[in-house]
Amino acid sequence: KNGIVRPKGYTVSFHANSSVEKFHFGQSHPMKPWRLTLTKQLVMAYGMHTAMDLYLTRAATREEMAEFHTEDYLDFLKRVTPNNMLLEPRLAQYNIGDDCPIFDGLYDYASLYTGASLDAARKLCNEQSQVAINWSGGLHHAKKTEASGFCYTNDIVLAILQLLRYHPRVLYIDIDVHHGDGVEQAFWSTDRVMTLSFHKYDKDNFFPGTGPLSSTGPENPLNPGAHHALNVPLHDGIEDEDYVWLFKQIVEPCVGAYQPSVIVLQCGADSLGCDRLGCFNLNIRAHGRCVDFVKRLNLPILVFGGGGYTPRNVARLWAYETSICIGCSEQLDEKLPAHTPALAHFAPDNTLFPPLSEHGRFENKNSRQYLWSLVEGIHKQLAYLES
Ligand code: V1P
Ligand code: CA
Ligand code: ZN
């Protein structure tokens, strides 16, 4: 098959390094970096690599990571190994445990996905790309001095700090099923970043337990960050049409009121139906429509991965979203290319859009009335920005 034609006057850059795909969190751990291998296979099998600038990314330097993380924490990540961890007195302090285990090459893993995000951010700053993609990034839970929820360094925060050197206002949008707490917290007190996360919210029973509608920035209205953290807390089982409707109802006025000069979009794939950790009923096309909506705003976009625990669907989604970024999604055959190396992973249907809301669907607990109340709540917050 011929490759996909490159869009004119419009550059999409794809930032990856196959070394990241080789790390193992452990047998029973849901985070599988090899989902990135599957993703890249689909991107290449569809011929999309001919329509993008491909960059082999480098590891972020320690100095680059110290723009957000503490020296203490970076020292710890650098020195700890599965062999010496039992001698390490501060595992609990850095939140190492079942969610964030110590595995071989941990520091290299973190610095590689972070380096890719920094490279991607710089492509937007120097206007060499209009869209820059790093599917290995999007690790939104990591904090300044601790790991959290499978995330060790916060590549998103570091990438946004780069963007802020050139861009006056950054809008961060997070459609991972989990709350983007690390990014929200990092920019809690500034008006130069607006964070907007859509997520399942249940204070006691769903990780990380933060992100109610009412959590909108510092309480003190004189603090510039007030009203610049926006949260869209959802219940189980939200469906395609409702989600896309809600996304548009909220993102459009955020862009109108805040007037960002760049958008960072975290595309966590765990908001899909049939995800091992998620609880929504979204199909690949609906998730993609959110990305398409953002693309059509015609602002530079930094696109990151994030969660996603059913690797075959993660690969389908991110390959499809790569095509949306390029603008060639119409050209993709629903049948996966026969020469896809790991085609067996996509059996028996071998399609890009298997129905993800048939088996093991979650009952939709989001009433129309509830969704309207969310839209209203967000519009109320935005009204503060206009004044
Ligand atoms: O629920 C928890 C913690 C562990 N308890 C003390 C509460 N952790 C979750 C973490 C989910 C992280 C999501 C990351 C992301 O947003 C971005 C990459 O997608 C958790 C879950 C769960 N079902 O929520 N950890 C695990 N499952 C887990 C399972 C097996 C082995 C290790 C961790
Ligand atoms: Ca989210
Ligand atoms: Zn997640």
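What comes next concerns the included structure. Predicted, not measured: the structure shown is a model, and the values here were computed from it.

Cut-offs and rules
Residues numbered from 1 in each chain as written. Chains lettered and ligands numbered in written order. Predicted model: local features only at pLDDT ≥ 70, side-chain atom pairs only at ≥ 80, totals over all residues. Heavy atoms only, no water. Helix = DSSP H or I, 4+ residues; strand = E, 2+ residues; numbered from the N terminus. Rg over C-alpha atoms; globule rule 2.2 N^0.38 Å. Buried < 20%, exposed > 50% of the residue type's maximum accessible area, 1.4 Å probe, protein only. Contact = heavy atoms within 4.5 Å. Donors = N, O, S within 2.8 Å, 3.2 Å for Na, K, Ca; no water. Phe/Tyr/Trp six-rings, centres within 6.5 Å; stacked < 30°, edge-to-face > 60°. Axes fitted to C-alpha atoms, helices over the stretch in contact; angles between N-to-C directions. Parallel < 35°, antiparallel > 145°, perpendicular 65-115°, else oblique. Nonpolar A, V, L, I, M, F, W, Y, C, P; charged D, E, K, R; others polar. Tetrahedral: all angles 85-135°; square planar, octahedral: opposite > 155°, others 65-115°. Pairing = 2+ DSSP bridges. Near = heavy atom within 4 Å. Polar contact = N/O pair within 3.5 Å; in protein donor to acceptor, adjacent residues only side chain to side chain. Areas by Shrake-Rupley, 256 points an atom, 1.4 Å probe, with all protein chains shown as cover. Core = buried A, V, L, I, M, F, W, Y, C linked by side-chain atoms within 4.5 Å. Left-handed = near helix turned anticlockwise from the far one by under 90°.

### Remarks on the overall build of the protein
Moving on, step 1. Broken down by element type, the protein carries 10 helices and eight strands.
Moving on, step 2. The globule rule puts the C-alpha radius of gyration for 387 residues at 21 Å, and the 20 Å found for the protein is close to it.
Moving on, step 3. Along the three orthogonal principal directions, the C-alpha set of the protein runs to about 60 × 55 × 45 Å.
Moving on, step 4. Sorting the 387 residues of the protein into buried and exposed places 60% on the buried side.
Moving on, step 5. Of the contacts made within the protein by residues no fewer than 6 positions apart, 79% connect residues no fewer than 24 positions apart.

### Thoughts on the coordination of the zinc ion (ligand 3)
Moving on, step 1. Around the zinc ion (ligand 3), the protein supplies D176 (OD), H178 (ND1) and D270 (OD) as donor atoms, at distances of 1.9 to 2.0 Å.
Moving on, step 2. Read from N- to C-terminus, the donor residues coordinating the zinc ion (ligand 3) fall into the pattern D-x1-H-x91-D. With D176 in the loop between strand 4 (170-174) and helix 6 (181-186) and D270 in the loop between strand 7 (262-266) and helix 8 (284-295), this pair connects stretches of sequence that are 94 residues apart. The burial state of D176 is the same as that of D270; both residues are buried.

### A word on the packing of aromatic side chains
Moving on, step 1. Evaluation of the coordinates by the stated rule reveals 18 aromatic pairs.
Moving on, step 2. For the pair F25 and Y109, a centre-to-centre distance of 5.5 Å together with 90° between the ring planes defines the contact as edge-to-face. Taken together, the residues span a long stretch of sequence, with F25 in the loop between strand 1 (12-16) and helix 1 (35-45) and Y109 in helix 4 (residues 106-125) at a distance of 84 residues. Across the pair, Y109 and F25 agree in class, each one buried.

### Re the packing of helix 7 (residues 240-258) against helix 10 (residues 368-386)
If you want to describe how two helices pack, look at the angle between their axes and the distance between the axes.
Moving on, step 1. Direction vectors running N to C along helix 7 and helix 10 enclose 5°, while the axes themselves pass 10 Å from each other. Judged by the angle between their axes, helix 7 and helix 10 are roughly parallel. Contacts between helix 7 and helix 10 involve D242, W245, L246, Q249, I250, P253, C254, A257 and Y258 on the former and, on the latter, R368, L371, W372, L374, V375, I378, H379, L382, L385 and E386.
Moving on, step 2. The residue makeup of the contact of helix 7 with helix 10, split by class, is 14 nonpolar, two polar and three charged.

### What about the coordination of the calcium ion (ligand 2)?
Moving on, step 1. Here the calcium ion (ligand 2) is held by the protein donor atoms D174 (O), D174 (OD), D176 (O), H178 (O), S197 (OG) and F198 (O), which lie 2.4 to 3.0 Å from it.
Moving on, step 2. Taken together, the six donor atoms surrounding the calcium ion (ligand 2) define angles of 70 to 167° at the centre, an arrangement classified as irregular.
Moving on, step 3. One chain supplies every donor for the calcium ion (ligand 2), spaced along it as D-x1-D-x1-H-x18-S-F. In this pair, the class of S197 matches that of F198, namely buried.

### Thoughts on the sheet that holds strand 2 (residues 53-56)
Picture the strands of a sheet paired through backbone hydrogen bonds; they go either parallel or antiparallel.
Moving on, step 1. Strand order in the open sheet formed by eight strands is 2-1-3-8-7-4-5-6, with parallel pairing between adjacent strands. In the strand order of this sheet, the two ends are held by strand 2 and strand 6 (229-234), each with one partner. With strand direction ignored, the average angle separating the axes of adjacent strands in the sheet is 15°.
Moving on, step 2. Bridge count between strand 1 and strand 3 (residues 131-134): three bridges; the pairing is parallel. Across the sheet, residue F14 finds its bridge partner in strand 3, namely I133.
Moving on, step 3. Set on the sheet, helix 4 makes contact with strand 1, strand 2, strand 3, strand 7 and strand 8 (301-304); between it and strand 3 the angle comes to about 180°.
Moving on, step 4. Contacts from helix 8 reach strand 4, strand 7 and strand 8 within the one sheet, and its direction differs from that of strand 7 by about 170°.

### With respect to the pairing of strand 8
Moving on, step 1. Both faces of strand 8 are covered, namely the face carrying I301 and V303 and the face carrying L302 and F304.
Moving on, step 2. Pairing of strand 3 with strand 8, which is carried by four bridges, proceeds in the parallel orientation. Bridge assignment links I133 to a residue of strand 8, and that residue is V303.
Moving on, step 3. Pairing analysis gives four bridges linking strand 7 to strand 8, with the strands arranged parallel. In the strand pairing of strand 8, L265 is matched with V303.

### Things to note about the site of ligand 1
Moving on, step 1. Within the structure, ligand 1 sits among 18 residues, and D99, H140, H141, D270 and Y309 are positioned closest to it.
Moving on, step 2. H140 places a polar side-chain atom, nitrogen or oxygen, 2.7 Å from an oxygen atom of ligand 1.
Moving on, step 3. H178 has a polar side-chain atom sitting 3.1 Å from an oxygen atom of ligand 1.
Moving on, step 4. Surface burial for ligand 1 is 66%, taken as the share of its 740 Å² of free accessible area covered by protein chains.
Moving on, step 5. Among the residues forming the shell around ligand 1, the class breakdown is seven nonpolar, seven polar and four charged.

### Overview of the nonpolar core
Moving on, step 1. In this structure, M48, I173, F198 and L246 are the most contacted members of the largest nonpolar core, which totals 76 residues.
Moving on, step 2. Element by element, the count of residues in this core is highest for helix 7, at 10 residues.
Moving on, step 3. Aside from chain neighbours lying at most four places away, what touches L246 is F198, V232, L234, I238, L371, L374 and V375.
Moving on, step 4. With 54 residues, the next largest nonpolar core counts L77, L91, L106 and L163 among its residues.

### With respect to the packing of helix 8 against helix 9 (residues 311-326)
Moving on, step 1. Packing of helix 8 against helix 9 leaves a shortest axis separation of 9 Å and a crossing angle of 30°. With respect to each other, helix 8 and helix 9 are oriented roughly parallel. Regarding helix 8 and helix 9, the two cross each other, and that crossing is right-handed. Seen from helix 8, the contacting residues are I284, R285, H287, G288, V291, D292 and K295; seen from helix 9, they are N313, R316, L317, Y320, E321, I324, C325 and I326.

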